[in-house]
Amino acid sequence: AQKITQTQPGMFVQEKEAVTLDCTYDTSDQSYGLFWYKQPSSGEMIFLIYQGSYDEQNATEGRYSLNFQKARKSANLVISASQLGDSAMYFCAMRDNNDMRFGAGTRLTVKP
Amino acid sequence: NAGVMQNPRHLVRRRGQEARLRCSPMKGHSHVYWYRQLPEEGLKFMVYLQKENIIDESGMPKERFSAEFPKEGPSILRIQQVVRGDSAAYFCASSSNRVATGELFFGEGSRLTVL
């Protein structure tokens, strides 16, 4: 069964520093997609970044990058130069040919 | 180009009443997913539908919950005889295809409160 694990319930980072949010996954499918979403206190789900299982290069979107290690089945999110507005819940998700499942999330707090 | 529209945004029901949550996917999208989020928790998959078909309902409670996505009109998540434990945010997401690399587009959620 598909499974997504985020082992960090909460993380703190100093403003302007980088932070890594961990995500591991488990699937028997060869083709799958990995996603990160941000959920601020207002509640909406905001798409951040996507990595395909066949992509050889790590995905990057502005200050977000995804550290994809296929053999280890990990897809960590790296946020560089943290900003106060980055404080939110962050969810890792995997989509295979059946459905899309989410991890339990990590609450990131950026300190001034 | 409207995104995924969910309504109502907030719904209050008393125990035993019915709750109906509606989701209109993005234009051209025929795949709809429903998720439930309890306070301070992650999103839990409930059901995946295509037009007129339920593809995967493994996350749906066996009783009181049902979902449909008719040929015309929005997808409906229906909760009968609501209980306090049903209080949660219910998110709908849509995509244009089933391929693993496709992104899901989320609505803003419907927040159900059961008194």
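Use the structure listed above.
Residues numbered from 1 in each chain as written. Chains lettered and ligands numbered in written order. Predicted model: local features only at pLDDT ≥ 70, side-chain atom pairs only at ≥ 80, totals over all residues. Heavy atoms only, no water.

Undergrad: Is there a simple way to think about the nonpolar core in this case?
TA: Across soluble globular proteins, you tend to see nonpolar side chains buried next to one another. Grouped together as the largest cluster of nonpolar side chains are 24 residues, with contacts concentrated most on A:Tyr25, A:Trp36, A:Ile49, A:Leu77 and A:Tyr90. Going through the elements one at a time, β3 (19–21), β5 (33–39), β6 (46–52), β8 (64–69), β9 (74–79), β10 (88–95) and β12 (106–111) of chain A are the ones with two or more residues in this core. Of the residues forming this core, the biggest block, 4 residues, is contributed by β10(A). When sequence neighbours within four positions are dropped, the list of residues in contact with A:Tyr25 reads A:Lys3, A:Ile4, A:Tyr32, A:Leu34, A:Phe68, A:Lys70, A:Lys73, A:Ser74, A:Ala75 and A:Met94. Formed by 23 residues, the second largest nonpolar core is a distinct cluster that contains B:Met26, B:Leu77, B:Cys92 and B:Val114. (Core = buried A, V, L, I, M, F, W, Y, C linked by side-chain atoms within 4.5 Å. Buried < 20%, exposed > 50% of the residue type's maximum accessible area, 1.4 Å probe, protein only. Helix = DSSP H or I, 4+ residues; strand = E, 2+ residues; numbered from the N terminus. Contact = heavy atoms within 4.5 Å.)

Undergrad: What's the story with the sheet that holds strand β7 (residues 65–68) of chain B in this structure? I'm lost.
TA: Within a sheet, neighbouring strands are paired by backbone hydrogen bonds and run either parallel or antiparallel to one another. Residue and element names in this part refer to chain B. Pairing within the open sheet is antiparallel, and its 4 strands lie in the order β1-β3-β8-β7. Single-partner strands in this sheet number two, and they are β1 (5–7) and β7. For this sheet, the mean angle separating the axes of adjacent strands, direction not counted, is 15°. Looking at chain direction, β1 and strand β3 (residues 19–24) are connected through 3 bridges and run antiparallel. The partner of Gln6 across the bridge, within β3, is Cys23. (Pairing = 2+ DSSP bridges. Axes fitted to C-alpha atoms, helices over the stretch in contact; angles between N-to-C directions.)

Undergrad: How do you make sense of the packing of aromatic side chains when you look at a structure like this?
TA: Note on aromatic pairs: each is described by the distance of the centres and the angle between the planes. Residue and element names in this part refer to chain A. For the structure on display, the rule yields 14 aromatic pairs over all chains. Ring plane angle 65° and centroid distance 5.9 Å describe the contact between Tyr37 and Phe47, whose orientation is recorded as edge-to-face. Of this pair, Tyr37 sits in strand β5 while Phe47 sits in strand β6, placing them 10 residues apart in sequence. Classification of Tyr37 by relative accessible area gives buried; the value is 1%. (Phe/Tyr/Trp six-rings, centres within 6.5 Å; stacked < 30°, edge-to-face > 60°.)

Undergrad: Honestly, the interface of chain A and chain B in this entry has me stumped. Any pointers?
TA: Quite often, the size of an interface is put as the accessible area lost when its parts meet. Between chain A and chain B, the residue contacts involve 23 residues of the former and 23 residues of the latter. Between chain A and chain B the total buried area reaches about 1800 Å² when both faces are included, carbon and sulfur atoms providing 49% of it. Summed over the three residues of chain A that lose the most area to chain B, namely A:Met45, A:Arg95 and A:Phe102, the buried surface amounts to 30% of that side. Among the ionic pairs, B:Asp56 bridges to A:Arg101, the shortest N-O distance being 3.7 Å. On inspection of chain A and its partner chain B, the count reaches 6 residue pairs in polar contact (both at pLDDT 80 or more). It is β5(A) that contributes the most residues to the side of chain A that touches chain B, 4 residues altogether. Residue composition of the side of chain A that touches chain B, grouped by class: 10 nonpolar, 8 polar and 5 charged. (Buried area = accessible area lost by both parts, 1.4 Å probe. Salt bridge = Lys/Arg side-chain N within 4 Å of Asp/Glu carboxyl O. Polar contact = N/O pair within 3.5 Å; in protein donor to acceptor, adjacent residues only side chain to side chain. Nonpolar A, V, L, I, M, F, W, Y, C, P; charged D, E, K, R; others polar.)

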